[in-house]
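Spelled out from the first residue to the last, the chains are:
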Amino acid sequence: MALELIPIGTILTVLTNQVIKTAQAAKNIVIEKESFKVLSKHLFDIEKVLQELQLKKLNDSQAVRLALNSLEADVEKANNLVEKYKNRSRFYLLLNCRHIVNEIQEVTRDIGRSLASLSLASTEVLTEISDQIARAVGVPVEPSEISKELASFKREKEEAANRKERAEVLFLEQVIELLSRADAARDYEEVKKQYSQRLQVIERYDAREDYIPPLNPFICRLSGTVMVDPVSLCTGTTCERAAIEVWFDCGEKTDPETGEVLEDTSLRSNLPLRQSIEEWRELNYCLKIRCCRVKLLSGLDSSEEEALSQMQDLMRESSINKDWISIGGLTDIIISILGTSHNKDIKKKILITLKDLVEGHARNKEAVIEYQGWDHIVCCLGRDSSISRAAVELLYELLQDRSGWSVSACRKLSQQCSGILFLVTLLKGPVRESAEYAEKILQKLFDLDEENISRAAKSGWYNPLIDRIIQGPESSRILMVTGLVNMELVDSNLELLGKEGIIPPLLEMVKCGSLQSREPSLSVLVKLSGCQANKELFAATGGIPLVLQLMFSSHVHKVIIVKCSEILEKLSSDNDGIKFLVDEKGDQLDLEWIITNLLALQQNSNSSHNVRKPALRALFRICKSEAELVKTAVLKADGVSLVLPLLDDSDPEIRETAINLLFLFSHHEPQGVVEYLLKPKRLEALVTFLENDDKSDVQMAAAGLLANLPKSELPLTMKLIELEGLDAIIKILRSGTMEAKENALSALFRFTDPSNLESQQIVVEQGVYSLLVNLLRVGSLTAKARAAALIGTLSTSTPKLTVVTKSRSCWCFWPSRVHLCPAHGGICSENTTFCLLQTNALPDLVKLLHGKVHATAYEAIQTLSTLVPEGSPQKGVNVLHEADAIKPTLEILTWGTDSLKEEALGLLEKVFMSRDMVEIYGFNS
């Protein structure tokens with residue numbers, strides 16, 4: 001290839017492609033595989049160097065071209081070597097393996113020499129990618145290993161000198177210089193020693209000084225800047241290599257300083273001068289590091305920011321400053337500032353500076369991790385997007401070592417309680433770059449420890465966990481499922497898990513797995529089945545028959561039955577009842593079979609409370625959802641006799657669910673309940689339920705059960721009064737929920753039977769009248785109707801009680817100021833005659849007529865009718881007229897149902913027996 005005619009960039013591209021091709025081919029040779037593997041790795045390392053060189057845009061010079069030419073020839077030799085042996089028979093390769101190894105070693109060495117020559121031909125290569133070149137030459141970059149290699153090169157140089165091989169000696173001197181100047185080649189103790197030496201020199205400079213001016217010999221005669229790669233002409237003039245090469249390329253053949261014509265234009269590296277310039281630079285580095293320290297300790301944001309910028313510049317100028325900054329204590333200082341500063345810009349800049357400091361530097365990484373840096377960096381992941389992005393990029397770098405991921409650093413991050421949470425937050429955040437870094441880190445943490453998958457799920461990222469459950473090995477699936485069991489999950493989390501397809505694999509684990517996998521899988525299904533969206537998925541997957549089969553099986557471990565009972569309870573909750581008791585096709589399951597088995601579980605002496613409680617709640621919800629199922633439970637499964645004993649259970653939740661269930665059953669078999677309650681201590685338990693202010697549903701059920709029992713059972717009524725059951729019912733009317741009040745009103749009918757004046761008197765004396773009137777105003781429709789009816793039962797007794805009052809004395813002896821009841825003609829009161837007029841109930845009863853609601857209007861008409869007795873209706877009619885009750889009663893004839901109209905007509909018939917009323921309301925013909 002005519003290299004002098006081709007651009008440097010093109011040469012590098014072609015050479016890179018050839019290196020990749022040869023490296024890949026070497027990798028695939030079978031015999032002497034390790035040797036060819038070493039060659040392949042060697043070539044892949046060179047490929048990275050060549051790519052870096054393309055980015056750096058090498059200065060074009062004759063020396064660089066010659067070095068590339070030499071490197072191309074060596075790569076060609078390597079390629080020929082690979083081609084030579086890749087198709088040879090195994091027998092041939094085995095016979096010649098020793099010779100092959102020698103050939104591989106020789107070509108590897110040659111490539112290393114060419115690459116070293118390239119670095120010496122271009123100083124920017126030496127200063128910026130010396131670590132990579134060291135690797136490509138075959139030298140490890142760990143300081144101790146490089147020291148060994150240096151010692152080996154020095155021995156080879158001595159041996160070559162003894163053999164008087166001057167060319168070899170010269171080459172080895174160049175390689176030794178290359179590695180000695182490379183930062184990676186420095187033993188840490190030597191680096192510290194060198195820094196200490198430079199520090200001693202700058203101590204004589206004022207603390208405010210941060211720059212030593214260069215000496216004149218350091219300045220290039222052509223560029224006017226400090227030289228980096230000084231070379232000497234044959235005349236002794238020294239220039240920057242790049243500048244003099246440009247001088248010559250422009251056609252100049254003279255010494256740029258003296259003007260003397262040059263017969264020899266060769267260039268020689270001026271190593272002593274170059275070393276002096278390096279020392280001058282290093283002294284300035286130390287001065288700047290000293291100044292940075294002062295600024296960082298000043299406590300001023302502006303000074304801290306300036307110091308951080310200077311630190312970044314120092315590391316760009318020379319990678320040795322990464323060591324010296326750390327040795328100078330600046331790393332510890334900026335980590336401390338990171339933890340205390342409230343300035344967002346400072347925090348971000350520290351994170352960026354730390355990333356520069358640790359990049360490719362194992363010792364600095366360890367220092368940052370150990371000196372509280374870890375905690376402060378992880379906290380910054382939770383800051384605003386600019387800080388968190390810088391933090392996650394730094395964290396990613398800290399987790400890397402020369403072999404890839406640092407296992408120890410990753411384990412340390414796993415121990416951070418907030419680390420995974422912040423990473424998940426970044427993953428879900430709007431900044432794409434931060435999300436990508438976060439995902440890479442999380443995936444590595446997952447590979448390292450599967451527990452981290454559960455921790456990520458706790459933080460809101462469920463996909464990895466779901467993937468493991470769906471397609472992971474059994475051990476992983478069990479671990480992930482167990483993690484979900486211990487997790488706090490809200491409905492949105494549960495719904496997401498269901499949508500992502502977690503239910504089918506869990507059911508599969510329940511169906512086919514061991515007890516070790518069944519139990520946690522069912523526990524998770526318990527959680528999932530509490531979410532409405534998941535109930536449909538559960539049913540559609542065919543999970544309900546499986547759960548019922550396990551639940552009612554006699555050969556299943558108890559813990560499995562417990563979990564299945566809990567699932568059934570959840571599926572029937574939220575008034576869903578039997579909605580999801582279907583197979584995968586959506587067909588209804590055998591509900592009678594389910595109810596019978598649920599009742600049998602309550603009877604089974606082997607069933608623990610953990611089974612019976614959820615099963616009983618499920619039974620209650622199923623029966624509550626459909627009246628026919630209550631009949632099934634009562635008539636076909638003997639439900640009442642099986643549930644009644646549960647009122648004596650030691651577990652309060654079972655007792656409470658049982659009373660709710662018996663309330664439903666009592667609609668169909670009240671007599672069996674009465675017989676049971678009349679046994680010793682049974683009625684006391686019912687009163688306890690009525691008195692339970694903490695459980696409104698229990699109060700409601702107990703009151704409803706009492707309401708459904710036959711009112712003809714007078715012993716039951718009187719026993720309840722004796723046990724303060726009536727007090728409990730009235731208390732419910734005062735402070736219970738509206739549903740409980742409705743049932744309490746129904747229960748109150750047994751105490752207000754007109755045939756039992758004694759009981760009525762007790763009720764009225766408890767102040768029930770005012771409660772009933774109040775419910776006429778603010779109660780539900782059902783409560784208003786029942787309150788009106790109760791007032792009617794009490795009002796029915798008023799005429800009898802008023803008559804008795806009249807007979808006790810003579811009218812003529814009464815004081816003239818005594819007020820007689822306009823409806824009953826005697827002295828009435830709330831407590832003695834139960835008169836509804838004395839309680840001011842009449843206006844509210846009339847309002848019920850105006851409401852045009854059948855249930856309330858019907859009871860109001862019946863109650864108003866008690867004011868108009870058959871024998872003497874006139875007084876009551878006048879009262880109704882004055883209360884404007886007759887007009888809305890007439891209007892009922894236009895909107896009421898047949899039964900309501902019939903009641904209204906019955907009242908109006910008595911009203912219009914009065915001619916006055918006929919005339920007033922326009923019925924006079």
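Throughout, residues of each chain are indexed from 1 in the direction in which the sequence is written. Per-residue local features of the predicted model are confined to residues with pLDDT of at least 70, and side-chain atom pairs are confined, for both listing and counting, to 80 or more; whole-chain, interface and lining totals are unaffected and use all residues. Side-chain measures were taken over the full set of non-hydrogen atoms in the model, leaving aside hydrogen atoms and water.

Notes on the overall build of the chain
Moving on, step 1. Within the chain, the regular secondary structure consists of 50 helices and 5 strands.
Moving on, step 2. Buried means the residue's accessible area, taken with a 1.4 Å probe over protein chains only, is under 20% of the maximum for its type, while exposed means over 50%, and partly exposed covers the values in between. Going through the 925 residues of the chain one by one, you find that 50% of them count as buried.
Moving on, step 3. We call two residues contacting when some pair of their heavy atoms lies within 4.5 Å. Sequence separation of 24 or more characterises 68% of the internal contacts of the chain that already satisfy a separation of 6 or more.
Moving on, step 4. Accessible surface, the chain as shown: approximately 43,400 Å² in total, 49% of it carbon and sulfur. Numbered from the N terminus, helices here are DSSP runs of H or I no shorter than four residues, and strands are runs of E no shorter than two. Per-residue and other accessible areas follow the Shrake-Rupley method at a 1.4 Å probe size, with only the shown protein chains counted as cover for residues.

Thoughts on the sheet that holds strand β1 (residues 230-232)
Moving on, step 1. In space, the 3 strands of this open sheet follow the order β2-β1-β3, with antiparallel pairing throughout. Each edge of the sheet is formed by a strand with only one pairing partner; in this case those strands are β2 (238-240) and β3 (268-269).
Moving on, step 2. The sheet contact formed by β1 and β2 spans 3 bridges and is antiparallel. Within the sheet, the bridge partner assigned to Val231 lies in β2 and is Cys239.
Moving on, step 3. Inter-axis angles, ranging from 0 to 180 degrees, are taken between N-to-C directions of lines fitted to C-alpha atoms, where helices are fitted over the stretch in contact. Across the sheet, helix α10 (residues 241-249) touches β1, β2 and β3, and the angle it forms with β2 is around 95°. Here, a strand pair is defined by DSSP locating no fewer than two bridges between the strands.

As for the environment of His850
Moving on, step 1. Within the fold, His850 resides in helix α45 (residues 842-850).
Moving on, step 2. When the C-alpha positions of His850 and Thr889 are compared, they lie 8.6 Å apart, and in sequence the two are 39 residues distant.

Looking at the nonpolar core
Moving on, step 1. We call a set of buried residues a nonpolar core when its members are Ala, Val, Leu, Ile, Met, Phe, Trp, Tyr or Cys and they connect through side-chain atoms within 4.5 Å of each other. Counting residues in each nonpolar core, the largest one holds 240 residues, and the members touching the most others are Leu423, Leu525 and Phe665.
Moving on, step 2. Contact partners of Leu423, with chain neighbours within four places excluded, come to Leu381, Val392, Leu395, Leu413, Ala438, Ile441, Leu442 and Leu445.

A word on the environment of Ile453
Moving on, step 1. Note that Ile453 resides in helix α21 (residues 451-458).
Moving on, step 2. For Ile453 and Arg468, which are 15 residues apart along the polypeptide, the C-alpha to C-alpha distance reads 9.0 Å.
Moving on, step 3. Once you skip the residues sitting within four places of it in the chain, Ile453 turns out to touch Phe446, Pro464, Leu465, Arg468 and Met480.

Describing the packing of helix α23 (residues 474-485) against helix α25 (residues 503-512)
Moving on, step 1. Contact pair α23 / α25: the axes reach a minimum separation of 12 Å and the direction vectors enclose 110°. Relative to α25, the element α23 lies roughly perpendicular. Here α23 and α25 pass one another in a crossing that is left-handed. Residues Arg477, Ile478 and Val481 of α23 pack against Pro505, Leu506 and Met509 of α25.
Moving on, step 2. Polar here means any residue other than Ala, Val, Leu, Ile, Met, Phe, Trp, Tyr, Cys and Pro, which are nonpolar, and Asp, Glu, Lys and Arg, which are charged; Gly is therefore polar. In terms of residue class, the contact of α23 with α25 is made up of 5 nonpolar, no polar and 1 charged. Geometric relationships in this document are graded by angle, where less than 35 degrees denotes roughly parallel, more than 145 denotes roughly antiparallel, 65 to 115 denotes roughly perpendicular, and other angles denote oblique. Take the far helix as your reference; a near helix turned counterclockwise from it by less than a right angle gives a left-handed crossing, and one turned clockwise gives a right-handed crossing.

Description of unusual backbone geometry
Moving on, step 1. Despite not being glycine, Asn575 shows a phi value in the positive range, around 65°.
Moving on, step 2. Assessed through its relative accessible area of 71%, Asn575 is described here as exposed.
Moving on, step 3. The backbone of Asn840 sits at a positive phi, close to 60°, despite the residue not being glycine.
Moving on, step 4. Turning to its location among the elements, Asn840 is positioned in the loop between α44 (798-806) and α45.

Notes on the confidence of the model for the chain
Any region with low pLDDT has predicted coordinates that should not be read closely.
Moving on, step 1. Taken as a whole, the chain shows an average pLDDT of 84; of its residues, 82% reach a score of 70 or greater.
Moving on, step 2. As a per-residue measure, pLDDT reflects the predictor's confidence and takes values from 0 up to 100. Taken together, the stretch residues 123-132 has pLDDT below 50 and engages in 26 contacts with residues farther than four places along the chain or on a different chain.
Moving on, step 3. This model gives residues 804-814 a pLDDT under 50, and the stretch forms 11 contacts once residues within four places in sequence are excluded.

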